[in-house]
Amino acid sequence: MNEEQLAEKLVSWIREKVLSANCKGVVLGMSGGLDSSVLAVLCHRAFPQGVLAVLMPCHSSQEDERYARLVASRFSIPTKVVVLDAVFDTLLKVLPTDKVDPDVSRLAEANLKVRLRMLTLYYFANRLKYLVAGSSNRSELSVGYFTKYGDGGVDIMPLGSLVKGQVKELARFLGIPQEIIDRPPSAGLWPGQTDEGELGLSYEELDRYLVTAEAANEVRQRIVSMIAASEHKRLPPPIASF
C-alpha cells in the first residue's frame, strides 16, 4: 500500500468512526510535532468543516507553537489556543510537595501537563459533539511511551498501527513542512527533552524490532522489558471476577 492509498484509508476510517458514534467531527491537540501534524491534516481531510486543533501551551517552547501554527495555516485548519500555565501552577500549589527524587518529580509534573490537555480536549469535544483523536503511533504505544489517561485518553488513534518511520513517510506525502519532519521528536515536556532520550533508543531501532523482530541483544532486551512493564497502559482496568 503506497502513501496515497494509506492516507485515503485513514481518512475513510476517521470519518466512519466519527459518524458511527453519531458525532459531528474531530478535536485534537496540536503540538508542532510530526505525529500531531499528520493527524491534523488527515482529520481535516475527513471533516473539512468539522475539525478543531487545540494548541495547549503549558510552560512550553514558543517554537512548538510556531510549528503548530505553521501547519494549521498551510492546511487552513481551525485552531483554538488554551494557555494552561496558570491552571498547572495553581494545581501544583495545592498538591503535596514532599521531597522525592528530582527525576520522579519532573515526570509527575510532566504527566500532569499531559492530563490537563486531555481534560481540555474533552471539554471541546463535549461542547461540539466531536470525538477526540490521539496522535500516538504504534512505536510509542508498543513500549508505553504515552501518559495513561493523558495523550492515551482519546476516542480514536488513527496512527496507532503505523510505526514512526511510516508516519514520517506519510508526512512527506501529505506535504508537512520539511522542518517539522526533520525536528528531533519531542513531547516538549521540559527544556531539551527528546523522545529518543526518554526511550533510551532510537525510533529506527524500535521500528526495526517491531516490524522484523530483529535487534541487537541489548536493544531487544530493553524493548521487551518496556513492552511488559507498560502492558497495563494498553489494557482496560482489570475487574475482580468475584
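Read on for a plain summary of the structure. What you are looking at is a predicted structure, and each value in this text was computed from that prediction instead of being measured.

This part covers the packing of aromatic side chains. When we look at a pair of aromatic rings, we describe it by the centre distance and by the angle of the planes. Counted according to the given criterion, the structure contains 1 aromatic pair. Aromatic side chains Tyr123 and Phe124 sit 5.8 Å apart centroid to centroid with 75° between the ring planes, which places their arrangement in the edge-to-face category. Against the face of Phe146 rests Lys233, its NZ or CZ located 5.1 Å from the ring centre.

Note on sheets: strands pair through backbone hydrogen bonds, and any given pair is parallel or antiparallel. If you trace the 4 strands from one edge of the open sheet to the other, you get β3-β2-β1-β4, paired in parallel fashion. Taken across any chain shown, the strands that pair with only one partner, and hence form the sheet edges, are β3 (79-81) and β4 (130-132). On average, each strand axis in the sheet is inclined to that of its neighbour by 25°, with strand direction left out of account. Summarising the sheet, strand β1 (residues 25-29) and strand β2 (residues 51-55) pair through 4 bridges and their orientation is parallel.

This part covers unusual backbone geometry. Positive phi, close to 50°, is recorded for His59, a residue that is not glycine. When you line up the elements, His59 lands in the loop between β2 and α3 (62-75). Located in the positive-phi region is Ala213, a residue other than glycine, with phi close to 65°. Tracing the sequence through the fold places Ala213 in the loop between α10 (203-212) and α11 (217-229).

Right, let's talk about helix α2 (residues 34-46) for a bit. For α2, which comprises 13 residues, the first-to-last C-alpha distance of 19 Å matches the rise-based estimate of 18 Å (1.5 Å per residue) to within 8%. Of all 13 residues in α2, 12 are buried, a share of seventy percent or more. Residues of α2 that are buried: Leu34, Asp35, Ser36, Ser37, Val38, Leu39, Ala40, Val41, Leu42, Cys43, His44 and Ala46.

Moving on: the environment of Arg220. As for its position among the elements, Arg220 is in helix α11. Sequence spacing of Arg220 and Pro102 is 118 residues, and the spatial spacing of their C-alpha atoms is 29 Å. Ignoring sequence-local partners within four residues, the contact set of Arg220 consists of Tyr209, Ala213, Glu214 and Ala215.

Another point: the environment of Met157. Tracing the backbone shows Met157 in the loop between α6 (138-143) and α7 (164-174). Exposure remark for Met157: the relative accessible area of 23% places this residue in the partly exposed category. In sequence terms Met157 and Ser136 are 21 residues apart; their C-alpha atoms lie 6.6 Å from each other.

About the cut-offs
- Residues numbered from 1 in each chain as written.
- Predicted model: local features only at pLDDT ≥ 70, side-chain atom pairs only at ≥ 80, totals over all residues.
- Heavy atoms only, no water.
- Phe/Tyr/Trp six-rings, centres within 6.5 Å; stacked < 30°, edge-to-face > 60°.
- Lys NZ or Arg CZ within 6 Å of the ring centre and 35° of its normal.
- Pairing = 2+ DSSP bridges.
- Helix = DSSP H or I, 4+ residues; strand = E, 2+ residues; numbered from the N terminus.
- Axes fitted to C-alpha atoms, helices over the stretch in contact; angles between N-to-C directions.
- Expected span 1.5 Å × (residues − 1).
- Buried < 20%, exposed > 50% of the residue type's maximum accessible area, 1.4 Å probe, protein only.
- Contact = heavy atoms within 4.5 Å.

Everything listed is a geometric property; what it means functionally is a separate question.
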